[in-house]
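# Examining the three-dimensional arrangement
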Amino acid sequence: MIATGNRRWGFAVASGILGWVLDAYDFFILVFVMNALAAHFGVSKGRIVATITATLVMRPLGAFLFGYCADRWGRRIPLLCCVLYFSLITALTPLAPSYSVFLVLRALYGIGMGGYWGVGAALVMESCPVSLRGLFSGILQAGYSLGYLLAAVMARTLAPAVGWQWLFWSGLCLAVWIVLLILFSPDTYRRVSTETRPDLLRTIGAHWGNFVLLTGLMTLITCLSHGTQDLYPDFLRVVHGFSLRSAANMAILYNVGAVLGAVVFGRISDWLGRRNSIYLALLICLMAVPAWAFGGSVAWLAAGAFLMQFGVQGAFGVIPAHLNELAPEGARGLFPGLVYQFGVLLGAPCVMVEYALRDSLGYARALAVFELITFALLAAALTVRREQRGRELMRASI
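Quick summary incoming for the structure in this document. Small disclaimer: the values here were computed from a predicted structure and weren't measured.

### Focus: a nonpolar patch on the surface
Together, Trp271, Leu272, Leu280, Leu283, Leu286, Met287 and Leu372 make up an exposed nonpolar region whose accessible area comes to about 720 Å². Those elements that place two or more of their residues in the nonpolar patch are helix H13 (244-272) and helix H14 (274-294). Top element by residues in the nonpolar patch is H14. It accounts for four residues. Checked against the element boundaries, Leu272 lands in helix H13.

Written out as structure tokens, the structure reads:
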């Protein structure tokens, strides 16, 4: 039985998921063209890596702006504005006349990237059937890995044929389809907004303890995800001599694992609970570390990378449902997105920390040590807050 009673709930779910695919695609194309960008702007690769942090740092601002609008005026219009905004910024990026302008554009893109997840996740979680919330949570978060996979495919095929600039323009077609899906989606806003609309910031303040605890959780999840993904193509190229094509092939493989992990563990969380599912995913990550960081052959590296992302995104696949179930009523567009993006803000330096640690520990040990510490801290953080699996989320009626 359809949870919302509206046969158009599938449009809402599809728009939220595909928008996150596009958002991730626009983010990850950068990691495959760092060398080309450094040469184009005449700067070190380290300065290109720094733009990743600039993007992550700006995401909380986007979560606040678009989330606040979503809780006051509905999910659909802010979501529509968000996808148009970050698509336009991405299309302008390869036209940047200097590194400084490029840096500013990637920072501005971060506002759109930060805005989309909170509003999109609220729309998906409020629209889908309650009994399948974990499954759709996993599918939504799998969109992030699917965006990464598509970036790898396009870096392998499109960039060599027509130039790296086209990677930044290629997402515009998908943006058009997402806009159409949003326009056909029902809004889940009306029943949750009436009595709480004037007091959004007060609502956040009243739940500050929950906000702090969940932000800490998301900081560690950010270190888990970005710490295992963002530098891995560069690690393969520097340490193991992979070509761009080979690194992209590996990224395609481990992102298949990531997509599968998010969906599988999202569904498992409907049965085992949110926390237990994340613990199980972390155990798989721990088992993958030796092959992922220290594999001596392509086969071992591939197996380790596949299992690592199966576990990493398996843990992340539970997060949309978990955060929305713990969010206060009337602030579901703002609260989960703000928690998510403040966690990203605090975890943003993880890429630069790992990149710096390689000078003293070596690339492989830097990645492994950083993530082992992250596993331990994340496992401890999960014990602090009880889950509310299956909680009823107020949705719009017909």
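From this point, the discussion proceeds with the structure in view.
### Here's the deal with the nonpolar core
Within the largest apolar cluster, 125 residues are counted, with the highest numbers of intra-cluster contacts made by Phe32, Ile48, Tyr232, Ile319 and Tyr340. Looking at this core element by element, the count peaks at 14 residues for helix H1 (residues 9-32). With residues near it in sequence (within four places) discarded, Tyr232 still touches Tyr254, Trp292, Leu301, Ala305 and Leu367.

### Some remarks on the packing of H13 against helix H15 (residues 298-317)
At a minimum axis separation of 6 Å, H13 and H15 run at an interaxial angle of 35°. Crossing angle aside, the handedness with which H13 passes H15 is right-handed. Each of Met250, Leu253, Tyr254, Val256, Gly257, Ala258, Leu260, Gly261, Ala262, Val264, Phe265 and Gly266 in H13 lies in contact with H15, whose residues at this interface are Val298, Leu301, Ala302, Ala305, Phe306, Gln309, Phe310, Gln313, Gly314 and Gly317. Split by residue class, the contact of H13 with H15 holds 15 nonpolar, seven polar and no charged.

### Side note on the state of the cysteines
Using the criterion set out here, one finds zero disulfides in the structure. Distance from the sulfur of Cys81, which forms no disulfide, to the nearest cysteine sulfur (Cys69) is 8.2 Å. Of all cysteine sulfurs in the structure, the one in Cys223 sits closest to Cys350, which takes part in no disulfide; the separation is 4.6 Å.

### What about the environment of Gly266?
Topologically, Gly266 is positioned in helix H13. For Gly266, the residues in contact, after removing those within four places along its chain, are Gly134, Leu135, Gly138, Gly261 and Gly317.

The rules we used
Residues numbered from 1 in each chain as written. Predicted model: local features only at pLDDT ≥ 70, side-chain atom pairs only at ≥ 80, totals over all residues. Heavy atoms only, no water. Patch = residues over 30% accessible without salt bridge, like charges linked within 9 Å, V, L, I, M, F, W, Y side chains within 5 Å. Areas by Shrake-Rupley, 256 points an atom, 1.4 Å probe, with all protein chains shown as cover. Salt bridge = Lys/Arg side-chain N within 4 Å of Asp/Glu carboxyl O. Helix = DSSP H or I, 4+ residues; strand = E, 2+ residues; numbered from the N terminus. Core = buried A, V, L, I, M, F, W, Y, C linked by side-chain atoms within 4.5 Å. Buried < 20%, exposed > 50% of the residue type's maximum accessible area, 1.4 Å probe, protein only. Contact = heavy atoms within 4.5 Å. Axes fitted to C-alpha atoms, helices over the stretch in contact; angles between N-to-C directions. Left-handed = near helix turned anticlockwise from the far one by under 90°. Nonpolar A, V, L, I, M, F, W, Y, C, P; charged D, E, K, R; others polar. Disulfide = S-S within 2.5 Å.

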